[in-house]
Structures are given as structure tokens and as C-alpha cells.
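# Analysis of the macromolecular model
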Amino acid sequence: MNKRSLLIILLGFIGFSLFADEVLISSFALYDANGSKFEKLDKPHKRIYSKLQDYWFEGLFNFGLVPEKEYGEVYTSLDANKVCAIKKCDYLIYGFVQKNENHWFGNIKL
């Protein structure tokens, strides 16, 4: 393989990743059974981010985290639209997780 074909292949990979859709992941609100907020050391949005990073998705998606201190927790589609407009992305994963006595309930949206 000569240098020219190697350069063309490398440029193809760079160009391919430039056209990938960016999917951002917002922090999730965590509630207990009484509706009170609580903190968990293993944050669900970071866990989802790390799991999605493990998959290749054939280069179609790039995943990122929304800075929690800048935007906080996103609850509604209106908030999600605002974050997407500011961050210039098309997709945002957001929602909340509730811990009840016997199970966990999650409402996660894209």
C-alpha cells in the first residue's frame, strides 16, 4: 500500500466521523418513593454514556455528556430543545429515575 492510498483512507475515516450525529446525555433527576431528590455516587447518565461508548454504531453516532453545572437536569421536551439549540445538537437523552420500595422506575427520553 503506497502513501497516497493510506492518506485517502485516513481522510475517509476523518470525514466519516465528521458527519456522525451527536447524541448528548443530560443528568437524570433521582427521586425516592416520597418524591424527594437524592444523590447516588454511580450517576445513571454517566453509566449510560459509558455503555453507549462501548458500542461502535458504525460511526453513525458520537456521544457526549451535557455539563451538569451549566444546564442542570432536563425534565421536559422544552428544556431539551433549549439545550439542543445551545449545544447545536439534534439529539438529547434526558429524564428521571425513581427508586421505590421494591423496584426502580425510569422515564428516559430521546
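Residues numbered from 1 in each chain as written. Predicted model: local features only at pLDDT ≥ 70, side-chain atom pairs only at ≥ 80, totals over all residues. Heavy atoms only, no water.

## Quick word on the overall build of the chain
- A tally of regular secondary structure across the chain gives four helices and five strands.
- Reading the helices (α) and strands (β) of the chain from amino to carboxyl end gives α-β-β-α-β-α-α-β-β.
- The buried share of the chain, taken over its 110 residues, is 25%.
- Long-range contacts, defined here as pairs at least 24 residues apart, represent 55% of the contacts in the chain between residues at least 6 apart.
- About 8200 Å² of surface is accessible on the chain, with carbon and sulfur atoms providing 58% of the total. (Helix = DSSP H or I, 4+ residues; strand = E, 2+ residues; numbered from the N terminus. Buried < 20%, exposed > 50% of the residue type's maximum accessible area, 1.4 Å probe, protein only. Contact = heavy atoms within 4.5 Å. Areas by Shrake-Rupley, 256 points an atom, 1.4 Å probe, with all protein chains shown as cover.)

## Here we look at the environment of cysteine 89
- With respect to the helices and strands, cysteine 89 occurs in the loop between helix H4 (77-87) and strand S4 (91-99).
- Along the primary structure cysteine 89 and glutamate 22 are separated by 67 residues, whereas in three dimensions their C-alpha atoms are 6.0 Å apart.
- In this structure cysteine 89 touches Glu22, Leu24 and Cys84, once residues within four positions along its chain are discounted.

## A look at the state of the cysteines
- A full pass over the atoms with the stated rule returns zero disulfides.
- The structure places no disulfide on cysteine 84, whose sulfur is separated from the nearest cysteine sulfur, that of cysteine 89, by 3.6 Å. (Disulfide = S-S within 2.5 Å.)

## A look at the nonpolar core
- Among the nonpolar cores identified, the biggest contains nine residues, and these are Leu24, Val66, Val74, Ala80, Val83, Cys84, Cys89, Leu92 and Tyr94.
- Among the secondary structure elements, those contributing two or more residues to this core are H4 and S4.
- With three residues, H4 is the single largest residue contributor to this core.
- Counting residues in hydrophobic clusters, the runner-up holds eight residues, among them Val23, Leu30, Leu52 and Phe63. (Core = buried A, V, L, I, M, F, W, Y, C linked by side-chain atoms within 4.5 Å.)

## Some thoughts on empty space enclosed by the protein
- Taken as a whole and judged by the stated rule, the model has one cavity of 30 Å³ or more.
- Empty space within the largest cavity amounts to approximately 90 Å³.
- Lining the largest cavity we find Ser27, Phe28, Ala29, Leu30, Lys37, Phe38, Glu39, Lys43, Pro44, His45, Glu68 and Glu73.
- Elements represented by at least two residues in the lining of the largest cavity include exactly strand S2 (29-31) and helix H2 (44-54).
- Split into classes, the residues belonging to the lining of the largest cavity amount to five nonpolar, two polar and five charged. (1 Å grid on protein atoms, 1.4 Å probe; cavity = no way out; pocket = protein on both sides within 12 Å on 5 of 7 lines; lining within 4 Å. Points joined across faces, edges and corners; volume = space filled by probe spheres on them. Nonpolar A, V, L, I, M, F, W, Y, C, P; charged D, E, K, R; others polar.)

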